[in-house]
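Listed here are the chains, written in short residue letters.
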Amino acid sequence: MRTLFWIFLIGSFFGIWAQEEKTSEDTTSSEELQEPIEKTTMVSESLSSNENEQEMTIKACILLALKNNLDIKIERFNPRIADEGTLSSVAAFDPTLFSKLTYGRSRESTSSFFDPSAAESSVDSKTTDWSFGIKDKFITGTQAELQYRVTRSESGDQLSITSLFAGTSTANPRYNTTLSLKLTQPLLKNFGIEYNTSNIQISRNNKAIADLQLLDTARVQISNVLKIYWDLVLARSERSVNDQSLRRAERLLEVNKAKQKLGQASAVDVLQAEVGIATQLEDILIAENQVLNIESKLKRSILPASELSFKQNVRIKPQDQANFTPEPINLEQVLSTALKVRPDFLVLKKDIDNRSLTTNQKENQTWPTLDAIASYSINGGQESDWGDSLNTMSDWHNYQWEVGLVFEYPLGTRAARADLRKSKLEMQQSQLRLLNRETAIIVEVEEFTRNIKTTLQRIEAAKKARELAEKQLEAEEAKFKVGRTTNKNVLDFQEDLAQAQTRELRAVVAYKKALIDLKTSRGTLLEDYDIDFD
């Protein structure tokens, strides 16, 4: 009996010593891991800091993008360039002033009429010719020219043969003034207001095309900006979900530590909770990096290049949140609106108008030339003084008029007919482009409408899954407090809830982006946000 007593006493001593060593090891392990956990909390709090944050609404992002986006800035030049092209076309009907001044000298050998055997002599003549006037072309194709001309002639022979027989003398120098008006009216080729103003109409269509292309560029760029905005909203929301998961993991660690003190949890349980915190920290770091990347994309889209480096440390906080508010969609109405206001569709219509005008131009150039011409002039005769010649001309006694037709028909018209066939082929090509774009718009609108219906169903399913995940976690945490489940199960249910929350957020943001796609496809994106692009 005495031997058994000593054996029991020694065994009890070693058992107590082993238990103390285990408790000491558990305490040491917990203290060693406590420092990283405190650092985890500090990192999470630093990432959540609101320093240098700037709140921004969707409308503010749109206005900044319209002002600073480089693609939109580049496209803004095209309407101004097209305006200059229109002015250039109109300038074809601007009047033109002209003037011409020439001086000539000639020498002519002569012989005596009465004595052919006499030696030949020479006569020097000098002529100065100056004219000026104005000419213009009208939209009917009519060309008009009004000209005033003065000619001064001087001869080295003081007496001409004509004056010898007439018994008169010819003034030397002699002045002759003429005022003339000439009109040319095409009757076939180059005829008509439609033909002569077609280049102006094409230039105006090009201006309208440039405006529509600018609007289309703005439509696409603003759509991208809005999607980036909602990506930022989603990234920040997912970051908040990670923060909630971290807080749940911290609460689980506190419960395990309290249970460990009561002897209801082991060091392994505490270690599992600490591992869960470390895992959540990794997710937070990844989520924060995603937020920063999306913020950079948004800044590049809405800020001028000169401010990107200056505002690289400024954080953007979206003021509009991913609140779910369904909007009614009428497919037929969306399609009808898209085919009326879509800029890219209207561009193709304007292009067809230009092709039609060009085809008419090319067809006109295959016709022969038949021009009606008319001229009327008055002159001042041969006078010794310019003023006398001008006075004689003003009496309207010396006049001349002329009317007629000019006909031309080129024997080879292959070039003109080839240009006409080419223009007609381009016209057919443009019509097919319009039909192709119309089909693409219909398919696009139907696809985006389906996407909206799908995201609505996703939201309902994700909402229900999140609610069930919350109830599951609550039930599991209640079981854990009374020791009916393990750390692993609680951590698993926490992860399930985080994923369910993330899926719901993604479904809501997907709905927002699907609406943006539909409004962009409808062509009313800026109007839907009350933005007057003009």
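Before going into details, it helps to say that this report is about the structure given with it. (Residues numbered from 1 in each chain as written. Predicted model: local features only at pLDDT ≥ 70, side-chain atom pairs only at ≥ 80, totals over all residues. Heavy atoms only, no water.)

### A short note on the overall build of the chain
Operational definition: To qualify as a helix, a DSSP run of H or I must reach at least 4 residues; to qualify as a strand, a run of E must reach at least 2; elements of each kind are numbered from the N terminus. Residues are treated as being in contact if the distance between any of their heavy atoms lies within 4.5 Å. Under the convention used here, a 1.4 Å probe and the Shrake-Rupley method define accessible areas, while residue burial counts only the protein chains that appear.
Counting its secondary structure elements, the chain contains 14 helices and 8 strands. For the chain, contacts bridging at least 24 residues in sequence account for 80% of all contacts bridging at least 6. Put simply, the chain shows about 32500 Å² of open surface, and 54% of that area lies on carbon and sulfur atoms.

### What about the packing of helix α2 (residues 58-68) against helix α7 (residues 267-302)?
So the rule is basically this: Angles shown run from 0 to 180 degrees and are taken between the N-to-C directions of axes, each axis being a line fitted to C-alpha atoms and, for helices, limited to the stretch in contact. Just so you know how the angles are binned, under 35 degrees is roughly parallel, over 145 roughly antiparallel, 65 to 115 roughly perpendicular, and the rest oblique. Under this grouping Gly is polar, as are all residues other than the nonpolar Ala, Val, Leu, Ile, Met, Phe, Trp, Tyr, Cys and Pro and the charged Asp, Glu, Lys and Arg.
Interhelical geometry of α2 versus α7 gives an angle of 55 degrees and a closest axis separation of 7 Å. Taken together, the axes of α2 and α7 are oblique relative to one another. On the side of α2, the interface is formed by Cys61, Leu64, Ala65 and Asn68, while α7 contributes Leu298, Ser301 and Ile302. In the contact of α2 with α7, the residues fall into 5 nonpolar, 2 polar and no charged.

### Focus on the packing of aromatic side chains
Rule in force here: Note on aromatic pairs: the rings of Phe, Tyr and Trp (six-membered ring only in Trp) are paired at centre separations within 6.5 Å, and the planes decide the class, stacked below 30 degrees, edge-to-face beyond 60, tilted for the rest. For every residue, the accessible area (1.4 Å probe, protein chains only) is compared with the maximum for its type, and the residue is labelled buried under 20%, exposed over 50%, or partly exposed between those bounds.
Counted according to the given criterion, the structure contains 5 aromatic pairs. Between Trp130 and Phe132 the ring centres are 5.0 Å apart and the planes differ by 35 degrees, which places this aromatic pair in the tilted class. Arranged with centres 5.5 Å apart and planes meeting at 75 degrees, the rings of Phe324 and Tyr511 form a pair that is edge-to-face. Of this pair, Phe324 sits in the loop between β6 (315-318) and α9 (331-341) while Tyr511 sits in helix α13 (residues 487-522), and the two are 187 residues apart along the sequence. Judged by relative accessible area, which is 0%, Tyr511 ranks as buried. An aromatic cluster is defined as three or more aromatic residues linked by ring pairs; in this entry it consists of Trp130, Phe132 and Tyr148.

### Description of the nonpolar core
Our working rule: Only buried residues count toward a nonpolar core, which is a set of Ala, Val, Leu, Ile, Met, Phe, Trp, Tyr and Cys residues joined through side-chain atoms within 4.5 Å.
Counting 53 residues, the largest nonpolar core has Ile62 and Leu298 as its most contacted members. Contributions of two or more residues to this core are made by α2, α6 (198-261), α7, α9, α10 (343-364), α12 (414-481), α13 and α14 (525-528). In contact with Ile62, other than residues within four places in its own chain, are Ile222, Leu226, Leu526, Tyr529 and Ile531. By size, the runner-up hydrophobic cluster in this structure holds 11 residues, among which are Leu252, Leu253, Val490 and Leu491.

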